[in-house]
Amino acid sequence: MFDYETIRLIWWLFIGVVAIAFALTEGFDFGICTLLPLLGKSDVERRVIINTVGATWEGNQVWLILLGGAIFAIWPAVYAALFSGLYVAMLLVLFALFFRPAGFDYRSKSSNPAWRNAWDWGLFIGGTLPPVLLGVLVGNLLLGLPFHLDQDLRPFYDGSFWALLSPFALLCGVISLLATTFHGALFLKWRTEGVIHDRARAAASVLGLLLLISLIAATLWGMSAINRPEITQMAGTSAASNPLNKTVIAAGPGWLYHFLAHPWMLFAPVLGFIGLALAWLLGRGQSTAGAFLMSSIGITGVLLTVGFGLFPFLLISTTDPRSSLTLWDATASHTTLLLAFWITVVFLPIVLLYTRWVYKVIWGSVTEAAVLKDSHTLY
Amino acid sequence: MFGDDVVMLSRMQFGLTALYHFLFVPLTLGMTFILGIMESVYVMTGREVYKDMTKFWGKLFGINFAMGVTTGLTLEFQFGTNWAYYSHYVGDIFGPLLASEGWMAFFLESTFVGLFFFGWDKLSKVQHLVVTWLLAIGTSVSALWILIANGWMQYPVGAEFNYETLRMEMTSFADVFFNPVAQVKFVHTVAAGYVTGSMFVLGVSSWYLLNKRDVGFARRSFSIASAFGLASILSVIVLGDESGYTSGETQKIKLAAIEAEWETSPAPASFTLFGLPDQENERTDFAVKVPYLLGLIATRSIDEDVKGLKELRNESAERIKSGMLAYAELQKLRSGDNSEQTHQRFDAHKNDLGYGLLLKKYTDKVVDADAGMIQKAANDTIPKVGLLFWTFRIMVACGFTMLFIFAVAFYHCAVRNADQKRWLMRMAVWSIPLPWIAAETGWFVAEYGRQPWTISGVLPTHLSVSSLSSEQLWFSIGGFALFYTVLLVIELYLMFKYVRLGPSSLHTGRYFHELQVAQGR
């Protein structure tokens, strides 16, 4: 059906779609958990905030699981090198995520205020640490990571956890947190009334501005900070996946040049800035759905910018450029890519359809009155 | 290649986190089906008590489900973080199975679990019932995919080694999907999950009946659990996992170890009921044997041999020697020798490449292994017999005890005097841990019995790990120990709290504690 080169490119796009879906859905769940103890003063206010995502956070989290599973299936070499290389960072993300299922489900199962307050801060950690660390990870993807492959294609990591926390990567972590909280505040504003609605709007107004400023700073900084390696010779875009069959020089033309060489790619950062700027402006006014839609478009643009900026690299090695993984030499076999393609083509629309149905069923403002009425069934 | 401590710590971490995850999975599998049955009765009869049953047992299910989600995340991360070479080597087969689980199962269960809890007032009766069943189907489909993946680790069919990419690649998805080991494992494990749910509901209901609390509610729950439990335990036993032990060498070794079958005995082999396996002298003392039984179970015939461990070990040694040849040819292919002859020789031996890799533990070059190393590697293919022998018997004993309980409970439900049989109810309460013991020992038999391989005959465990330091592993094991202990304490506290509250926790005003308050007691 599709030749190897085409299906490799299709899967690069599909993984991008899954990553964007994860950022847009779990993104607002994360943001709402960060905002929870800050915007909710009383127990009932906090319950209002939690229940805006109570019925759907679990489905949203599957996008993260699917992203991991898809990378495992499609780019096994990336999954192996990235997860083992960033061992401590990945485990910190995992440990932080532990707070979420129990936090959501167990919080309301005791009326003890100390118990509930403890879970609120647990949810705060579970909503804050993962986006920060994943943002730092994206920063490091752009900068490149210190790793190499040996002759058996076994990945070795040559750096430490602390070395990940370079200033540029930390800025990316801040941007990620600002994006999830901004996106979350707009969702919260959309699904609540009264005092929580007003506080969410005020928060979005501050967060959106900070996000735009940080993004401008990162863009300007990235133009000089991000160096792209250059592939000088490779086996071909349809060759068997073996990353060592290529030669790469460490410092090719930089990031800015890459975008100028393919000007059409500039639509991504433009989309990012316009989307987020409109989201910020609309969010300050009465708009709810419109502002949320714009922040979704803006975040999509930012993530596309990252993907385009890396293309065709998936994981850049700073210590052994030849070990860098690209979408042409780090994929699964042709058979597996085709199999996974058909499974995705069939099941993605089904998942979207029933997810949409579930949102339709539970949609509506979450109010203090509703929380008090169903006090024993809601979170 | 790596320090033994890294391999040992990686295995320990995987074992602990997987066993821990498996405390919650079987109950989820069983409870979702029981919830589906209870709600179906509610929709068909319209009797509120069945709705209350669905909601109350649903609360207990929810407490357990949260832990299943938490600990399941670990397993997905862990293949990459701790088993990086495994992920590279078999990601082409293992990865799409996990991704399929995501698309077809995780989304289904996770999207509908929210509606199950919060959709009661927003959906019609039938719509909510459909949601509950989709949740149940989602959990079982999830088990299907992960057991196909696990079955492939036990019996890797439908894939072959590619010397250009230095990994296994899928050749036939149909062979992977319809792998006989995987299919048997799926039925066995899912049915064991249904047994777990049934035993839990049966035991907790018995406790209410013994305390004469919420009798009507408890009696109905007891009946459903006894019927569903009986059907499930029969599936577990009749379609026992053991029928999968004839496929593939490692499965045969596992079977021989479970039966402490050191020598190949003439067909039909007898079944060692009990005995004391002695690894050092390679014999089983005080063996109590049932004639013919093993031959019947393992080969479904009376004229085929069941191979003993000593013969299987000799076969391993032969395959290791063949694997050395495969490894030598692979080095030639990789250095650019593309001659027809090299390809032919590699193809002739490549199915034994994994056995050659066993030697990596003793010599990095593989091809220079001496007879002593080959013997050591062959010895590695034989697991510790005593551990497998006893864990298997514990599992089977739990299974038959539960068969007895469910059969008696079902009989007394049918003649409508179950709630007068206090001994039965007491036994049901104390038997609540049995399905968990059976599930954990069963997992141990399947996974420990596969050692020294992660993928039987293909990839040795000691090569599968990530290139980590033991400090990193101590950090992660410490983190897991801390989080998992605290979470388990919290989970058990909530479980006991809600079991004690019983259906009164629904705040309908119809149940024990609320009636006590209403009556001023």
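Since this is a predicted model, take the numbers as computed values, not measurements.

Considering the overall build of chain B
So, point 1. Assigned secondary structure in chain B consists of 19 helices and six strands.
So, point 2. The principal-axis extent of the C-alpha atoms belonging to chain B is close to 90 × 50 × 40 Å.
So, point 3. Scored against the burial criterion, the 521 residues of chain B give a buried share of 54%.
So, point 4. Across chain B, the fraction of contacts at a sequence separation of at least 24, relative to all contacts at a separation of at least 6, is 75%.

Quick notes on the confidence of the model for chain B
Residue and element names in this part refer to chain B.
So, point 1. Per-residue pLDDT for chain B averages 92, and the proportion of residues at 70 or more is 97%.
So, point 2. Averaged over each element, pLDDT in chain B is lowest for helix α9 (residues 293–299) (71) and highest for strand β2 (residues 167–170) (97).
So, point 3. Prediction confidence for the complex, expressed as pTM and ipTM, is 0.95 and 0.94 respectively.

What to know about unusual backbone geometry
So, point 1. Put simply, F311 of chain A and P312 of chain A share a cis peptide bond, and its omega is 0°.
So, point 2. Structurally, the position occupied by P312 of chain A is in the loop between α11 (289–310) and β5 (313–315).
So, point 3. The omega torsion of the bond from Q451 of chain B to P452 of chain B falls at 10°, within 30 degrees of zero and hence cis.
So, point 4. Summarising the element assignment, P452 of chain B is placed in the loop between α16 (434–448) and β5 (453–455).
So, point 5. With a phi close to 55°, K212 of chain B is a non-glycine residue in the positive phi region.
So, point 6. As for its position among the elements, K212 of chain B is in the loop between α6 (180–210) and α7 (215–238).
So, point 7. K212 of chain B gets classed as exposed once you count the C-beta atoms within 10 Å, which come to 10.

Examining the interface of chain B and chain A
So, point 1. With 56 residues of chain B in contact, the opposing surface of chain A contributes 60 residues.
So, point 2. For the side of chain B that touches chain A, the secondary structure elements donating two or more residues are α2 (48–82), α3 (84–118), β2 and α18 (470–501) of chain B.
So, point 3. Counting residues per element, the side of chain B that touches chain A draws most heavily on α3 of chain B, which supplies 22 residues.
So, point 4. The class makeup of the residues in the side of chain B that touches chain A is 28 nonpolar, 23 polar and five charged.

What about the packing of helix α5 (residues 87–106) of chain A against α18 of chain B?
So, point 1. Direction vectors running N to C along α5 of chain A and α18 of chain B enclose 5°, while the axes themselves pass 11 Å from each other. On the basis of the axis angle, α5 of chain A is roughly parallel to α18 of chain B. In this structure, α5 of chain A uses Y87, V88, L91, F95, F98, A102 and Y106 of chain A to contact α18 of chain B, whose residues at the interface are Q472, F475, S476, G479, F483, L487, I490 and L494 of chain B.
So, point 2. Residue composition of the contact of α5 of chain A with α18 of chain B, grouped by class: twelve nonpolar, three polar and no charged.

As for the pairing of β2 of chain B
All names here are of chain B.
So, point 1. By the alternation rule, side chains of β2 split into R167 and E169 and M168 and M170, which are all buried.
So, point 2. Relative to β2, strand β1 (residues 159–162) runs antiparallel, the two being bridged by four bridges. Bridge pairing links F161 to M168 in β2.
So, point 3. In this structure, the hairpin formed by β1 and β2 is closed by a connection of four residues, where L166 is found at a positive phi of approximately 55°.

Focus on the nonpolar core
Generally speaking, soluble globular proteins have nonpolar side chains that are buried together.
So, point 1. Within the largest apolar cluster, 281 residues are counted, with the highest numbers of intra-cluster contacts made by I74, V78 and L315 of chain A together with I34 of chain B.
So, point 2. No other element matches the 22 residues that α3 of chain B contributes to this core.
So, point 3. Discounting chain neighbours no more than four positions away, the residues touching I34 of chain B are W57, G197, S198, V201, I224, A225 and F228 of chain B.

Some details on the environment of L303 of chain A
So, point 1. The topology assignment puts L303 of chain A in helix α11.
So, point 2. Apart from the residues lying within four places of it in its own chain, the contact partners of L303 of chain A are A19, I20 and A23 of chain A.

Considerations on the environment of F28 of chain A
Residues and elements named next belong to chain A.
So, point 1. The residue F28 is located in helix α1 (residues 4–39) in this model.
So, point 2. Judged by C-beta crowding, with 31 C-beta atoms within 10 Å, F28 ranks as buried.
So, point 3. On a C-alpha basis, the gap between F28 and A369 in space is 24 Å, while along the polypeptide they are 341 residues apart.
So, point 4. Ignoring anything within four residues of it in the chain, the contact list for F28 reads H183, G184 and F187.

Some points on the packing of α1 of chain A against helix α7 (residues 167–191) of chain A
Residues and elements named next belong to chain A.
So, point 1. Packing of α1 against α7 brings their axes to within 7 Å, and their N-to-C directions diverge by 85°. It follows that α1 is roughly perpendicular to α7 by the angle criterion. Along the contact surface, α1 presents G27, F28, F30, G31, I32, T34 and L35, while α7 presents A179, T180, T181, F182, H183, G184, A185, F187 and L188.
So, point 2. Residue composition of the contact of α1 with α7, by class: nine nonpolar, seven polar and no charged.

Cut-off values and rules
Residues numbered from 1 in each chain as written. Chains lettered and ligands numbered in written order. Predicted model: local features only at pLDDT ≥ 70, side-chain atom pairs only at ≥ 80, totals over all residues. Helix = DSSP H or I, 4+ residues; strand = E, 2+ residues; numbered from the N terminus. Buried ≥ 20, exposed ≤ 12 C-beta atoms within 10 Å, placed from the backbone. Contact = placed C-beta atoms within 7 Å. pLDDT = per-residue confidence, 0-100. Nonpolar A, V, L, I, M, F, W, Y, C, P; charged D, E, K, R; others polar. Axes fitted to C-alpha atoms, helices over the stretch in contact; angles between N-to-C directions. Parallel < 35°, antiparallel > 145°, perpendicular 65-115°, else oblique. Pairing = 2+ DSSP bridges. Core = buried A, V, L, I, M, F, W, Y, C linked by C-beta atoms within 7 Å.

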